[in-house]
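Residue-level listing of the chains:
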Amino acid sequence: MRLFDSHCHLYDEAFDEDRAEVLARAEEAGLARLLVVGSDEATSLQALALAQAHESLFCAVGYHPHESRFMGGEIPRSLKEAVRDRNVVAIGEAGLDYYYDHSERSVQREVFARQIAWAVDVGLPLVVHVRDAFGDALALLESEGASRCGGVLHCFSGDAVQARRALDLGFYLSFAGPLTFAKNDALRDVAASVPLDRLLVETDAPYLSPHPRRGRRNEPALVVHTFRVLAEVKGMGEEELADRLWENGRALFRW
Ligand SMILES: [Zn+2]
Ligand SMILES: [Zn+2]
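As the structure is a prediction and not an experimental result, all values here were calculated from the model. (Residues numbered from 1 in each chain as written. Chains lettered and ligands numbered in written order. Predicted model: local features only at pLDDT ≥ 70, side-chain atom pairs only at ≥ 80, totals over all residues. Heavy atoms only, no water.)

### Some details on the coordination of the zinc ion (ligand 1)
Let me state the cut-off plainly: The donor set comprises N, O and S atoms within 2.8 Å of the metal, extended to 3.2 Å for Na, K and Ca; water molecules are omitted, so apparent gaps in a site may simply reflect that omission. In this description a helix means any DSSP run of H or I spanning at least four residues, a strand means any run of E spanning at least two, and both kinds are numbered starting from the N terminus.
Within the protein, the atoms that donate to the zinc ion (ligand 1) are Glu93 (OE), His129 (ND1) and His154 (NE2), at distances of 2.0 to 2.1 Å. Within one chain, the residues donating to the zinc ion (ligand 1) are spaced in sequence as E-x35-H-x24-H. Between the zinc ion (ligand 1) and the zinc ion (ligand 2) the interatomic distance amounts to 3.3 Å, and Glu93 serves as a bridging ligand to the pair. Residue His129 is located in strand E5 (residues 126–131), and its partner His154 is located in strand E6 (residues 151–154); the two are separated by 25 residues in the primary sequence.

This is how it looks when you write it as structure tokens:
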């Protein structure tokens, strides 16, 4: 069985002590592809270096909404050049986060819109982060023509109506550790309603460990916990679901 972690931050200092072991455990767990997602210029270039060094890793480059205040008016030249590398398969993570508000909302919207235009321009899908900002995020994706580049709403936490709007734009929905939390029946209902050809799973490691590892450092091998819950929710065998998710990753990121 081959699995794909559609979103992790392997460059994070949480992995500085044992990154090689983390990658070995991922391989043992059947993870044959991992998408390492940058959150600003420096981490995007770190993600690219990791992807260049490991056959199973690909990367996304871009600015997380938390960091958008540091981007300035333009996409950094180093990132514009990075997208020519075949290891870069997406733009992101980009989006809006009104839960933490680390960057001013107007700045978040401006930087997100600029990255949507960039993704359309270079023909790469978007990895989108949205927290407590679905109204504005979906409106921007719609008004800026994001259906032309497509992408994924990562660690999806919205409701069925928001899921529908994202699906109508041609986007995929990726589910992370919260899918396994006891209280999240509503999220599992949303996952059950997502068409099989638009689903992905992820860890968002080192954050958001799934049950039963909640509260400890997350790592890509633990994606199996979220994957198993998704198989239950969809009422499917694990082999069959793994195949479908694998094809989805390949279709979206064109590796
Ligand atoms: Zn995120
Ligand atoms: Zn992330």
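### Examining the layout of surface pockets
Quick note on the threshold: A cavity, in this analysis, means grid points on a 1 Å lattice covering only the protein atoms where a 1.4 Å probe fits yet has no way out; a pocket is instead an open set bounded by protein on both sides within 12 Å along at least five of seven lines, and a residue lines either one if it has an atom within 4 Å of a point. Grid points are joined across faces, edges and corners, and a volume is the space filled by probe spheres set on the points. In this count, Pro and Cys sit with the nonpolar residues alongside Ala, Val, Leu, Ile, Met, Phe, Trp and Tyr, while Asp, Glu, Lys and Arg are called charged and the others, Gly among them, polar.
What the largest pocket holds in volume is close to 820 Å³. Forming the boundary of the largest pocket are 32 residues, of which His129, Arg131, Cys155, Asp204 and Leu208 lie nearest the centre. Those elements that provide at least two residues to the lining of the largest pocket are strand E4 (88–97), E5 and helix H7 (185–193). Here the element with the most residues in the lining of the largest pocket is E5; it accounts for three residues. Of the residues belonging to the lining of the largest pocket, the class tally is 14 nonpolar, 10 polar and eight charged.

### Focus: the packing of helix H4 (residues 105–122) against helix H5 (residues 134–143)
Just so we agree on the cut-off: Whenever a helix is involved, its axis is fitted only over the stretch in contact; in every case the axis is a line through C-alpha atoms, and angles between N-to-C directions fall within 0 to 180 degrees. A crossing counts as left-handed when the near helix is turned anticlockwise from the far one by less than a right angle, and as right-handed when that turn is clockwise. Residues are treated as being in contact if the distance between any of their heavy atoms lies within 4.5 Å.
Where H4 meets H5, the closest approach of the two axes is 10 Å, and the angle between their N-to-C directions is 35°. The two elements H4 and H5 cross, and the hand of that crossing is right-handed. Mapping the contact onto sequence places Arg109, Phe112, Ala113 and Ile116 in H4 and Asp136, Ala137, Leu140 and Leu141 in H5. Residue classes in the contact of H4 with H5 are distributed as six nonpolar, no polar and two charged.

### Let's talk about the nonpolar core
What counts is decided by this rule: Side-chain atoms within 4.5 Å are what join buried Ala, Val, Leu, Ile, Met, Phe, Trp, Tyr and Cys residues into a set we call a nonpolar core. Accessible area is worked out with a 1.4 Å probe on protein chains only. A residue is then buried under 20% of its type maximum, exposed over 50%, and partly exposed in between.
One finds Leu10, Phe112, Leu126, Leu141, Leu153, Phe171 and Phe175 to be the most contacted residues of the largest nonpolar core, which totals 74 residues. If near-sequence neighbours (up to four positions away) are discounted, Leu141 is found in contact with Phe112, Ile116, Leu126, Val128, Ala146, Leu153, Leu169 and Phe171. Grouped together as the second largest cluster of nonpolar side chains are 14 residues, Leu35, Ala60, Val127 and Tyr172 included.

### Describing the coordination of the zinc ion (ligand 2)
At this site the zinc ion (ligand 2) is bound by His7 (NE2), His9 (NE2), Glu93 (OE) and Asp204 (OD), with donor distances of 2.0 to 2.6 Å. All donor residues of the zinc ion (ligand 2) come from one chain, and their arrangement in sequence is H-x1-H-x83-E-x110-D. Relative accessible area serves as the criterion here: at 8%, Asp204 is assigned to the buried category.

### A few points about the pairing of strand E7 (residues 172–175)
Two faces belong to every sheet, and in a regular strand the side chains alternate between them. Rule in force here: A pair of strands is treated as paired once DSSP finds two or more bridges between them. Handedness of a crossover is defined as follows: orient the strands so they point away from the viewer, and if the path from the first strand over the helix to the second runs clockwise, the crossover is right-handed.
Residues Tyr172 and Ser174 point to one face of E7 and Leu173 and Phe175 to the other, with burial holding for every one of them. As defined by bridge partners, E6 adjoins E7 across two bridges and the pair is classed as parallel. When the sheet's bridge partners are listed, Leu153 is paired in E7 with Leu173. Following the backbone out of E6, through helix H6 (residues 160–168) and into the adjacent parallel E7, one traces a crossover that is right-handed. Pairing of E7 with strand E8 (residues 199–201) involves three bridges; the strand directions are parallel. Residue pairing in the sheet places Phe175 in a bridge with Val201 of E8. This β-α-β element, E7 to H7 to E8, shows right-handed connectivity.

### Details of the environment of Ala60
Its place among the elements puts Ala60 in strand E3 (residues 57–61). Beyond its immediate sequence surroundings of up to four residues, Ala60 is in contact with Leu35, Val36, Val37, Gly38, Ser44, Ala47, Ala90, Ile91, Gly92 and Val127.

### Concerning the packing of aromatic side chains
We describe a pair of aromatic rings using the distance from one ring centre to the other and the angle between the two ring planes. The following threshold applies: Any Phe, Tyr or Trp ring, taking Trp's six-membered ring, that has another such ring centre within 6.5 Å forms a pair; planes under 30 degrees apart are called stacked, those over 60 apart edge-to-face, and the others tilted.
Enumeration over the complete set of coordinates arrives at seven aromatic pairs. A centroid spacing of 5.9 Å and a plane angle of 70° characterise the contact between Phe4 and Phe253, whose relative ring orientation is edge-to-face. Pair noted here: Phe4 is in strand E1 (residues 3–8) and Phe253 is in helix H9 (residues 238–253), with a separation of 249 residues, a long-range link. The same class applies to Phe4 as to Phe253, namely buried. Residues Phe156 and Phe175 carry aromatic rings whose centres are separated by 6.1 Å and whose planes lie at 80° to one another, so their mutual orientation is edge-to-face. Taken together, the residues Phe156 in the loop between E6 and H6 and Phe175 in strand E7 connect sequence positions 19 residues apart.

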